[in-house]
Amino acid sequence: MIRLAPSILSADFSRLGEAVELLEEAGADWIHLDIMDGHYVPNMTIGPPAIAALKARTRLPLDVHLMVDHPGFFIPLFHEAGADWISIHVEASTHLHRDITLIRQLGAKAGIVLNPATPIHLLNDILREVDYVLVMSVNPGFGGQTFIDSTHQKIRRLKSWISGQKLSIPIEVDGGVNLDNAASLIQDGAEILVVGAAIFKAPDPRHVISRLKEIMAGANPS
Ligand code: DX5
Ligand code: ZN
């Protein structure tokens, strides 16, 4: 089942509660929340208090993408605030097995994130411990960037590796996803689409969401 996880990074930050309600009304499956520490990435966004406030505005699962150094410190704080799915960067964690295990022990779903140039084989000894893999199709830190084309082939390679091990771990793709590349990303093997600027910078975000849902319903996953 293909899921739509809109990112609110490009929404009006003075009205995030309304953005989240709009996404739920329009039929999003998850809310993708980008957490940035100004250190791992050159940007800062929101923290646990904002997550807790947004949790109260929606029934949708909160998909929290931690773009932070030392994610082990932040995992309990964001779980406590209401994160349901928590992804951490393989490049940012020195104790990856411990951090992924902690997410699951707390009762959330554990995701692992690969930056555009980070090779898939870094997942060799952790893949079986995660609930999803987030493949970055832009360099993390900002919304509205251009999709990195080589991500199509990276997702296809990752999908065939996961299927080859008889695992059913969904691939989430994040960055520059839009109406033009969504169908081919699903064909590549992506099952969770993060879409930010293509929704919130559009004149009619609801229309983009319904078009994305049509594409998702009609696409034939690999
Ligand atoms: C970038 C974030 C992405 C971003 C996606 O660091 O991880 O989730 O918000 O937004 P768009 O779709 O605008 O690239
Ligand atoms: Zn993200």
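Caption draft 1: Representation of the environment of N139 within the structure. By secondary structure assignment, the location of N139 is in the loop between strand 6 (132-136) and helix 5 (151-164). Put simply, N139 and W161 are 22 residues apart on the chain and 23 Å apart in space, counted from C-alpha to C-alpha. Non-local contacts of N139, meaning those with residues more than four positions away in its chain, are made with P116, Q145 and I148.

Caption draft 2: View of the sheet that holds strand 6. One open sheet accounts for 8 strands, arranged 1-8-7-6-5-4-3-2; its pairing is parallel. Strand pairing shows two members of the sheet lacking a second neighbour, strand 1 (3-6) and strand 2 (31-36), which therefore form its edges. Shown here is a sheet whose adjacent strand axes are inclined to one another by a mean of 25°, direction ignored. The pairing of strand 5 (residues 109-114) with strand 6 spans 4 bridges and is classified as parallel. Within the sheet, the bridge partner assigned to G111 lies in strand 6 and is Y132.

Caption draft 3: Molecular detail of the site of ligand 1. Residues in close proximity to ligand 1 total 20 residues, the closest being G141, G144, D174, G196 and A197. In this structure, an oxygen atom belonging to ligand 1 sits 2.8 Å away from a main-chain N or O atom of G176. Residue G196 places a main-chain N or O atom 2.8 Å away from an oxygen atom belonging to ligand 1. Coverage of ligand 1 by the protein amounts to 99% of the 380 Å² it exposes when considered alone. Listed by contribution, the elements that provide at least two residues to the shell around ligand 1 are strand 2, strand 3 (62-67) and strand 8 (190-195). With 3 residues, the single largest contributor to the shell around ligand 1 is strand 2. Split by residue class, the shell around ligand 1 holds 9 nonpolar, 9 polar and 2 charged.

Caption draft 4: Main features of helix 4 (residues 96-106). If you check which residues of helix 4 are buried, you get L96, D99, I100 and I103. All buried residues of helix 4 lie within an arc of 95° about the axis, which places them on one face of the element. Every exposed residue of helix 4 that faces more than 90 degrees away from the buried side is listed here: R98 and Q105.

Caption draft 5: Representation of the side chain of D99. Inspection of the secondary structure puts D99 in helix 4. In this structure D99 is buried but unpaired, with R98 as the nearest side chain of opposite charge at 4.4 Å.

Caption draft 6: The coordination of the zinc ion (ligand 2), seen in detail. Protein ligation of the zinc ion (ligand 2) involves H32 (NE2), D34 (OD), H65 (ND1) and D174 (OD), the donor distances falling in the range 2.0 to 2.3 Å. Note that the zinc ion (ligand 2) binds 6 donor atoms; their angles at the metal cover 73 to 174°, and the shape is octahedral. Expressed as a motif, the donor residue spacing for the zinc ion (ligand 2) is H-x1-D-x30-H-x108-D. With H32 in strand 2 and D174 in strand 7 (residues 171-174), this pair connects stretches of sequence that are 142 residues apart. Comparing H32 with D174, the two get one shared label, buried.

Basis of the calculations
- Residues numbered from 1 in each chain as written.
- Chains lettered and ligands numbered in written order.
- Predicted model: local features only at pLDDT ≥ 70, side-chain atom pairs only at ≥ 80, totals over all residues.
- Heavy atoms only, no water.
- Helix = DSSP H or I, 4+ residues; strand = E, 2+ residues; numbered from the N terminus.
- Contact = heavy atoms within 4.5 Å.
- Pairing = 2+ DSSP bridges.
- Axes fitted to C-alpha atoms, helices over the stretch in contact; angles between N-to-C directions.
- Near = heavy atom within 4 Å.
- Polar contact = N/O pair within 3.5 Å; in protein donor to acceptor, adjacent residues only side chain to side chain.
- Areas by Shrake-Rupley, 256 points an atom, 1.4 Å probe, with all protein chains shown as cover.
- Nonpolar A, V, L, I, M, F, W, Y, C, P; charged D, E, K, R; others polar.
- Buried < 20%, exposed > 50% of the residue type's maximum accessible area, 1.4 Å probe, protein only.
- Arc of directions from axis to C-beta.
- Lys, Arg positive; Asp, Glu negative; His and termini not counted.
- Salt bridge = Lys/Arg side-chain N within 4 Å of Asp/Glu carboxyl O.
- Donors = N, O, S within 2.8 Å, 3.2 Å for Na, K, Ca; no water.
- Tetrahedral: all angles 85-135°; square planar, octahedral: opposite > 155°, others 65-115°.

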